[in-house]
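As a plain string of letters, each chain reads:
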Amino acid sequence: MIALDRRSLLRGLGGAIGGASVALAAGCAPMEGQLLRAVDTHPDGYPTVEAVKYMGQLLRERSGGRLGIEHYAGGVLGQERDALEITIFGGIDLNRVSLAPLNPIVPETLVPGLPFLFSSTQHMRAAMDGEPGRAILDALEPHGLIGLCFYDSGGRSFYTTKRLIERPEDLRGLKIRVQSSDLFVEMVRALGGNPTPMDFGEVYQGLMQGTVDGAENNWPSYESTRHFEVAPFYSETRHVMAPEVLTMSAITWKRISAADRALIRQCAQESIPVMRELWDAKVEQSRAAIVASGVRIAAPDPAPFQALVQPVWDRFVTTPTMRKLVDDIRAMDPA
Ligand code: BDP
């Protein structure tokens, strides 16, 4: 693998497009054809990473080797917010992120993160595959990003170093790490906890040192970050089911042909079922590993949590476009 770091990437900015320019900036020989640089905060083996690698294989096959993806997993090129900025400036081509870091930039991305919006995985998938999903992906473009597709992220649930969260009262007095998004800050506050924004890569240490008492995430992230070692109380509140999104730099996009754009969109689309299969298997494997590790687990009644989040909805659903997205998504609930 070519050794790239964030500084080399930024040095590569402003040069020609694609991996070749960055490889040159990093002091390496130019690559044949165009390799798109992809980043992810998750490590190799995580479903989002493997899905994008699969997309890369498809691209390579269908372009006769002209296009491909070089993947930098594990947050090696920076935490999500920083990497997103680099993507908007064209130093990274593809970036798989959670919707939360996009919240301050693109208001429409707040909608899927509204607490208890989706009733099930099936509901979330139907909405993201349908018109609301399309509208949210399209809303990224004026902000320098092309939305290619959504991937699953399961349900986010609370875990702590101190106790199980069985009722909202149990969050009282606990510092809960949240992503850098006001939506998450306000949601944790509405539920009774003390929200503390922090980068994902710092949470393990934060939990260990007591900077925070807990966090919230899905089973695969809780397991792969090994947060369960330091915060061994997991309560399946599933309060947010916002999906992940695969974005592409609009700067890269402008420099590629219409035919290649269509190919990229098609390959991203075809990576979705692969991701979902990997995801479902990963959720089961992570849950089993966590149960085996002796973590205490609760499945609280969601109703008392749900009863507290209306002010969060009122505060963040502010435009007619967002209201329509909410209504359309609710109308798609198969339950
Ligand atoms: C995980 C997302 C990842 C986020 C992380 C977080 O896959 O993109 O960075 O949560 O909590 O579920 O920051």
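Since the structure is predicted, the reported quantities are computational estimates derived from the model, not experimental observations.

Peer 1: Any chance you could explain the overall build of the protein chain here in plain terms?
Peer 2: Assigned secondary structure in the protein chain consists of 15 helices and 11 strands. In terms of overall size, the protein chain behaves like a compact globule, its C-alpha atoms giving a radius of gyration of 20 Å where 335 residues would be expected to give roughly 20 Å. Expressed as a percentage of the 335 residues in the protein chain, the buried residues total 56%. Pairs at least 24 residues apart make up 73% of the contacts formed inside the protein chain by residues separated by at least 6 positions. For the protein chain, the accessible area works out to roughly 13,600 Å², and carbon and sulfur atoms hold 51% of it. Charged side chains of the protein chain number 34 positive and 40 negative; the gap between the two group centres comes to 3 Å.

Peer 1: What should I look at first to understand the domain arrangement of the protein chain in this one?
Peer 2: You'll often see interface size given as the accessible area lost when the parts meet. If you check the domain split of the protein chain, you get domain 1 (22-153 + 242-283) and domain 2 (156-241 + 287-331). Of note, the centres of domain 1 and domain 2, computed from C-alpha atoms alone, are 24 Å apart. Of the residues lining the interface, 36 residues belong to domain 1; the matching set on domain 2 comes to 36 residues. Interface of domain 1 and domain 2: buried area, both sides summed, is about 3,100 Å²; carbon and sulfur atoms make up 68% of it. Its largest share of buried area at the contact with domain 2, domain 1 owes to Leu 114, Pro 115 and Phe 116, together 23% of the area lost on that side. Our enumeration of links across domain 1 and domain 2 arrives at two salt bridges. Note that Glu 223 is salt-bridged to Lys 282, the shortest N-O span being 3.4 Å. At the surface where domain 1 touches domain 2, the tally comes to 12 residue pairs in polar contact (both at pLDDT 80 or more).

Peer 1: What am I meant to see in the sheet that holds strand β4 (residues 145-151) here?
Peer 2: Whether parallel or antiparallel, the strands of a sheet pair through hydrogen bonds between backbone atoms. Strand order in this open sheet of five strands is β2-β1-β3-β10-β4, and the pairing throughout is mixed. With partners counted over all chains shown, the strands left at the sheet margins are β2 (67-72) and β4, one partner each. The sheet shows a mean angle of 25° between the axes of neighbouring strands, direction not considered. Alignment of strand β1 (residues 34-40) against strand β3 (residues 94-98), held across three bridges, turns out to be parallel. Its bridge partner being in β3, Val 39 is matched across the sheet by Asn 95. Relative to β2, helix α3 (residues 47-62) is tilted by about 160°, and along the sheet it contacts β1, β2, β3, β4 and β10 (244-249).

Peer 1: Please clarify how the pairing of strand β7 (residues 194-197) should be interpreted in this entry.
Peer 2: A regular strand carries its side chains on alternate faces of the sheet. Looking at chain direction, strand β6 (residues 175-178) and β7 are connected through four bridges and run parallel. Residue pairing in the sheet places Arg 177 in a bridge with Thr 196 of β7. Note on the crossover from β6 through helix α7 (residues 182-191) to β7: the handedness is right-handed.

Peer 1: Whenever I open this one, the site of the ligand confuses me. Can you help?
Peer 2: What surrounds the ligand is a group of 14 residues, the closest being His 42, Glu 80, Arg 177, Asn 217 and Glu 244. At 2.4 Å, a side-chain N or O of Glu 80 approaches an oxygen atom of the ligand. A distance of 2.7 Å is found between an oxygen atom of the ligand and a side-chain nitrogen or oxygen belonging to Asn 217. When the free accessible area of the ligand is taken as 320 Å², the share hidden by the protein chains comes to 98%. Split into classes, the residues belonging to the shell around the ligand amount to one nonpolar, eight polar and five charged. Three or more residues apiece are contributed to the shell around the ligand by two domains, here domain 1 (22-153 + 242-283) and domain 2 (156-241 + 287-331).

Peer 1: Explain the nonpolar core to me, please; I cannot follow it from the model alone.
Peer 2: Among soluble globular proteins, nonpolar side chains are generally buried collectively. Formed by 47 residues in total, the largest nonpolar core has its most connected members in Leu 102, Val 111, Leu 114, Phe 118, Met 128 and Val 245. In terms of residue count, the dominant contributor to this core is α7 (six residues). Two domains each donate at least three residues to this core, and these are domain 1 (22-153 + 242-283) and domain 2 (156-241 + 287-331). Those residues in contact with Leu 114 that sit more than four places away from it in its chain are Leu 183, His 239, Trp 313, Phe 316, Val 317 and Val 326. By size, the runner-up hydrophobic cluster in this structure holds 44 residues, among which are Leu 67, Leu 148, Leu 246 and Ile 272.

Calculation criteria
Residues numbered from 1 in each chain as written. Predicted model: local features only at pLDDT ≥ 70, side-chain atom pairs only at ≥ 80, totals over all residues. Heavy atoms only, no water. Helix = DSSP H or I, 4+ residues; strand = E, 2+ residues; numbered from the N terminus. Rg over C-alpha atoms; globule rule 2.2 N^0.38 Å. Buried < 20%, exposed > 50% of the residue type's maximum accessible area, 1.4 Å probe, protein only. Contact = heavy atoms within 4.5 Å. Areas by Shrake-Rupley, 256 points an atom, 1.4 Å probe, with all protein chains shown as cover. Lys, Arg positive; Asp, Glu negative; His and termini not counted. Charge placed at Lys NZ, Arg CZ, Asp CG, Glu CD. Domains from an automatic or database assignment. Buried area = accessible area lost by both parts, 1.4 Å probe. Salt bridge = Lys/Arg side-chain N within 4 Å of Asp/Glu carboxyl O. Polar contact = N/O pair within 3.5 Å; in protein donor to acceptor, adjacent residues only side chain to side chain. Pairing = 2+ DSSP bridges. Axes fitted to C-alpha atoms, helices over the stretch in contact; angles between N-to-C directions. Right-handed = clockwise from strand over helix to strand, strands pointing away. Near = heavy atom within 4 Å. Nonpolar A, V, L, I, M, F, W, Y, C, P; charged D, E, K, R; others polar. Core = buried A, V, L, I, M, F, W, Y, C linked by side-chain atoms within 4.5 Å.

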